[in-house]
Amino acid sequence: MKEEAVKINQQVYFSQSDIDYDDLAKICSQKTLQEDYPFADSVSNNVVIYDANYLESFIGDSENELRLKTELHQVLEGGPGVFVIRNLYRHDAIDQSNNIFEKIVESEGNTSNDHFASGTNTRIWNAFQKVALEDPNAFISYYSNNLLKLVAESWCGPNSQMTAQVNIVRPGGEMQKPHRDYHLGFQENQIVELFPISAHRLSNYLTLQGGVAHTDMPLASGPTMVLPYSQQYELGYLAWRDNACTDFFNDNAVQNQMNKGDGIFFNPALLHGAGSNTTKDFHRIGNLLQISSPFGKTMERIDYLKIINRIYPLLLEHSINKTLSEKLIENVLVCATDGYAFPTNLDNDKNSNSKLQGMTMFELTKQSLLDLVNLENFSLKLLEHQKIRFTN
């Protein structure tokens, strides 16, 4: 009974004050041994390196595929958290995609909107869909890759959801702030603190981050910098915005040169950031892959627009007459609106300087009630909000 009481009283919620950089330093002092990863070609700067030509021999043999997926999962979970696959793509597939990227950039103009950096870079949001619409053959050629599917399954299981965003970092492009990624990595710290530590752990397993080099990436061009083993530090979603975390990352992160066609994959909780392009004339092109678990969906499809338009007049009346407290109204809104900023159209729904995400339906509705906006104007605001987020 006493042991149960101790277990119940274990800390579940954490804040920035709980961050311990000695713990992070101890975790990141681990060394990667090639003997622990028998299918690897080598280890470089604590990062496990594989050769696609060898891994292709596993495809079609279910037992060997399972062994390989097991090893890749172990790298991402309890190992350094990152691996590189050399020669993941042939150059003809890369060149075909690059030609399409160029067309898309020309049609959209040079847009720069990086969640974690400023500078002279160009993003193609939702390149996954745009390439499919522009050239179905190129899309099929690219995403039929056997190893890409196997890598996705190693972390997310079957039927994962693929998204892709192209990042073109031009000479002078600045280094990204080291960070963790989607989901909790996109939340402000005051929100992250509201999630129990179990959700911090779970966030790691919902996404796999990846990137394919669409040009050679010499070190001077700024290939991805990573901090091996940092995904094992449980408070990293609270730590990454801290200047002390940035300093620790800058002192200890590693960087490996990438060649055209190479792929890098890492746990989204791994502290990482694209490097600075210090060259004078080299444009670094990467196709950033974000692979999501298929489980992030509700059982039923809810039409929040119908619900909130129906109940808004009554909520507004309660707000005006103060017959329901702001807290009780918020309780209703949590249920009756979409409170998450994603998925969205990142071409239109730009992140602000202070947030990594656009306004949610919940935030828009709550603010409208605080401002006592009438139903007609609220409905117009809501339609514009939906148009920004979901019009392609």
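In the block above lies the structure referred to throughout.
Calculation notes
Residues numbered from 1 in each chain as written. Predicted model: local features only at pLDDT ≥ 70, side-chain atom pairs only at ≥ 80, totals over all residues. Heavy atoms only, no water. Pairing = 2+ DSSP bridges. Helix = DSSP H or I, 4+ residues; strand = E, 2+ residues; numbered from the N terminus. Disulfide = S-S within 2.5 Å. Buried < 20%, exposed > 50% of the residue type's maximum accessible area, 1.4 Å probe, protein only. Axes fitted to C-alpha atoms, helices over the stretch in contact; angles between N-to-C directions. Contact = heavy atoms within 4.5 Å. Core = buried A, V, L, I, M, F, W, Y, C linked by side-chain atoms within 4.5 Å. Salt bridge = Lys/Arg side-chain N within 4 Å of Asp/Glu carboxyl O.

### Section: the sheet that holds strand β8 (residues 254-255)
- Reading across from one edge, β8-β7-β10 is the order of the three strands in this open sheet, with antiparallel pairing throughout. The two strands at the open ends of the sheet, each matched to only one other strand, are β8 and β10 (272-273).
- The sheet contact formed by strand β7 (residues 225-226) and β8 spans two bridges and is antiparallel. By the bridge assignment, M225 is partnered in β8 with Q255.

### Remarks on the state of the cysteines
- Taken as a whole and assessed by the stated rule, the structure comprises zero disulfides.
- In this structure C28 is a free cysteine whose sulfur lies 8.9 Å from that of C245, the closest cysteine sulfur available.

### Topic: the pairing of strand β2 (residues 47-51)
- For β2, the buried fraction is high: four of the five residues fall into the buried class.
- With three bridges joining them, strand β1 (residues 42-44) and β2 adopt antiparallel strand pairing. Pairing of S42 across the sheet is with I49, part of β2.
- With antiparallel pairing between neighbouring strands as the criterion, β1 and β2 make up a hairpin whose turn holds two residues, including N45 at a positive phi of roughly 55 degrees.
- Inspection of the sheet shows β2 paired to strand β3 (residues 82-86) by four bridges, in the parallel sense. Paired with D51 across the strands is R86, a residue of β3.

### A word on the pairing of β3
- Of all five residues in β3, five are buried; the element is thus mostly enclosed.
- Side chains V82, V84 and R86 project from β3 onto one buried face, and the interleaved F83 and I85 project onto a second face that is buried too.
- Pairing of β3 with strand β9 (residues 263-266), which is carried by four bridges, proceeds in the antiparallel orientation. In the strand pairing of β9, V84 is matched with I264.

### Quick word on the sheet that holds strand β5 (residues 161-169)
- Taken in spatial order, the eight strands of this open sheet run β1-β2-β3-β9-β6-β11-β5-β4, and their pairing is mixed. The open sheet has two free edges, formed respectively by β1 and β4 (121-124), since each of these has just one partner strand. Averaged over all neighbouring strand pairs, the angle between strand axes comes to 25 degrees, with direction disregarded.
- Sheet contacts for helix α7 (residues 136-143): β5, β6 (207-213) and β11 (284-292); angle to β11, the most-contacted strand, approximately 70 degrees.

### Notes on unusual backbone geometry
- Cis geometry is adopted by the peptide bond preceding H183, which originates at Y182 and carries an omega value of 15 degrees.
- Among the secondary structure elements, H183 is positioned in the loop between β5 and α9 (189-192).
- A cis amide bond, omega -5 degrees, links F342 with the succeeding residue P343.
- Along the chain, P343 turns up in the loop between α14 (326-336) and α15 (361-370).
- In the Ramachandran plot, N46 falls in the positive-phi region, its phi being about 75 degrees despite a non-glycine side chain.
- With respect to the element layout, N46 can be found in the loop between β1 and β2.
- For N46, a relative accessible area of 16% gives the class buried.
- Unusually for a residue other than glycine, L372 sits at a positive phi of about 55 degrees.
- With respect to the helices and strands, the residue L372 is situated in the loop between α15 and α16 (375-390).

### Considerations on the nonpolar core
- In terms of nonpolar packing, the biggest core is built from 33 residues, with Y50, F83, I85, Y89, L208 and F265 touching the most fellow members.
- When near neighbours in sequence (up to four residues on either side) are disregarded, F83 contacts V47, V48, Y50, L72, V75, L76, V151, G263, I264 and F265.
- Membership of the second largest hydrophobic core comes to 23 residues, among which are C28, Y233, Y237 and F249.

### Focus on the pattern of salt bridges
- Evaluation of the coordinates by the stated rule reveals 10 salt bridges.
- Where K149 meets E153, a salt bridge forms, and the shortest distance between an N and an O atom there is 2.7 Å. Taken together, the residues span about one helical turn, with K149 and E153 both in helix α8 (residues 146-156) at a distance of four residues.
- Its relative accessible area of 53% is what places K149 among the exposed residues.
- With a closest N to O distance of 2.6 Å, E234 and R201 form a salt bridge. Of this pair, E234 sits in the loop between β7 and α11 (236-239) while R201 sits in helix α10 (residues 197-205); the two residues are 33 residues apart in sequence, bridging distant segments of the chain.

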